[in-house]
Amino acid sequence: VFQSAPLPLEEYEIEMAEAEEARQEYLKTAANMVDETSVTMIAEGPRLEAGAAIYKANCAVCHAADGGGGVGPNLTDNYWLHGGDIKDVFSTVKYGVPAKGMISWKDQLNPAQMQNVSSYILTLVGTDPANPKEPQGELYTPQAEEETPADSTAVPAESEDVAEAGDSTAVAAN
């Protein structure tokens, strides 16, 4: 065998290295692909800390540093004017509420930053601010997320018409 080209194992290693490099590049921009339909809560870590910094720099003026409210509503209670889940808060941050004086932040913050600050805002719920503003809006009760089976292709065991276990090509009888 002449060494004029990489051997199959070497080709594989080169392709895997290139794929990992491409993956890292994608992940750098993936955080900015989030929107109000796909946003998820960030519970801890440096992104939540970044959200706290954004809040202190931009939101504390109207909502108080501890989230207790001022010109803007109290963010520490369970009452929300525009919905209290992460998607609602993200949407409110992104589009603002111009009729009530809250600007849209979509031109000043990128989607990842809006996710960070929205997540931080939700960590304020249940805290004890020094001078809380009275509740405004509707009581928000988080809905329990539906439990998804670990294996979404799994067939329920209680069904009498289930094909034999282990045969992934079998079809249940009607």
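Reading guide: rules and limits
Residues numbered from 1 in each chain as written. Predicted model: local features only at pLDDT ≥ 70, side-chain atom pairs only at ≥ 80, totals over all residues. Heavy atoms only, no water. Phe/Tyr/Trp six-rings, centres within 6.5 Å; stacked < 30°, edge-to-face > 60°. Helix = DSSP H or I, 4+ residues; strand = E, 2+ residues; numbered from the N terminus. Buried < 20%, exposed > 50% of the residue type's maximum accessible area, 1.4 Å probe, protein only. Core = buried A, V, L, I, M, F, W, Y, C linked by side-chain atoms within 4.5 Å. Contact = heavy atoms within 4.5 Å. Salt bridge = Lys/Arg side-chain N within 4 Å of Asp/Glu carboxyl O. Axes fitted to C-alpha atoms, helices over the stretch in contact; angles between N-to-C directions. Parallel < 35°, antiparallel > 145°, perpendicular 65-115°, else oblique. Nonpolar A, V, L, I, M, F, W, Y, C, P; charged D, E, K, R; others polar.

K.L.:
Help me get a handle on the packing of aromatic side chains, residues and values and all.
P.N.:
Tallied over the entire structure, the rule returns one aromatic pair. Ring geometry for Tyr-55 and Tyr-120: centres 5.5 Å apart, planes at 50 degrees, overall tilted. Note that Tyr-55 is positioned in helix H2 (residues 46-63) and Tyr-120 in helix H4 (residues 111-123), a separation of 65 residues in sequence. With respect to class, Tyr-55 is no different from Tyr-120; both count as buried.

K.L.:
Can you tell me about the nonpolar core, naming the residues and giving the values?
P.N.:
One finds Tyr-55, Val-93, Val-117 and Ile-121 to be the most contacted residues of the largest nonpolar core, which totals 23 residues. Elements that contribute at least two residues to this core include exactly H2, helix H3 (86-95) and H4. With six residues, the single largest contributor to this core is H2. With sequence-adjacent residues up to four places away left out, Tyr-55 is seen in contact with Ala-60, His-63, Ala-64, Ala-65, Gly-67, Leu-75, Val-117, Tyr-120, Ile-121 and Leu-124.

K.L.:
An account of the pattern of salt bridges is requested, with residue identities and associated values reported.
P.N.:
For the structure shown, the criterion picks out two salt bridges. As a salt-bridge pair, Arg-23 and Glu-20 come within 3.5 Å of each other at their nearest N and O atoms. You can see Arg-23 and its partner Glu-20 sitting in helix H1 (residues 8-30), three residues apart, about one turn around the helix. According to the relative accessible area criterion, Arg-23 is partly exposed, its value standing at 44%. Across the salt bridge formed by Lys-94 and Glu-36, the nearest N and O atoms sit 3.0 Å from each other. Highlighted residues: Lys-94 in helix H3 and Glu-36 in the loop between H1 and H2, separated in sequence by 58 residues.

K.L.:
Requested: an account of the packing of H2 against H4, with residues and values cited.
P.N.:
The geometry of H2 relative to H4 is characterised by a closest axis approach of 7 Å and an angle of 85 degrees between their N-to-C directions. The pairing of H2 with H4 is recorded here as roughly perpendicular in orientation. When H2 is examined against H4, the residues Arg-47, Leu-48, Ala-50, Gly-51, Ala-52, Ile-54, Tyr-55, Lys-56 and Cys-59 are found in contact with a partner set consisting of Ala-112, Gln-113, Gln-115, Asn-116, Val-117, Ser-119, Tyr-120, Ile-121 and Thr-123. When its residues are assigned to classes, the contact of H2 with H4 shows ten nonpolar, six polar and two charged.

K.L.:
Go over H3 with me, naming the residues and quoting the values.
P.N.:
Think of an α-helix as 3.6 residues a turn; residues three or four steps apart then line up on the same face. Within H3, burial applies to Ile-86, Val-89, Phe-90, Thr-92, Val-93 and Lys-94. On its buried face, H3 sits against strand E1 (79-80) and H4. With its phi angle positive at about 70 degrees, Gly-96 sits one or two positions after the end of H3.

K.L.:
Describe the side chain of Asn-116, listing the residues and the values that go with them.
P.N.:
As for its position among the elements, Asn-116 is in helix H4. Those residues in contact with Asn-116 that lie beyond four places of it in its chain are Ile-42, Arg-47, Leu-48, Ala-50 and Gly-51.

K.L.:
Lay out the environment of Gln-113 with the relevant residues and their values.
P.N.:
Structurally, Gln-113 can be placed in helix H4. Relative accessible area serves as the criterion here: at 27%, Gln-113 is assigned to the partly exposed category. Along the backbone, Gln-113 and Gly-51 are 62 residues apart, and their C-alpha atoms lie at a distance of 6.7 Å. When residues no more than four places from it in sequence are discounted, the contact partners of Gln-113 are Ile-54 and Gln-108.

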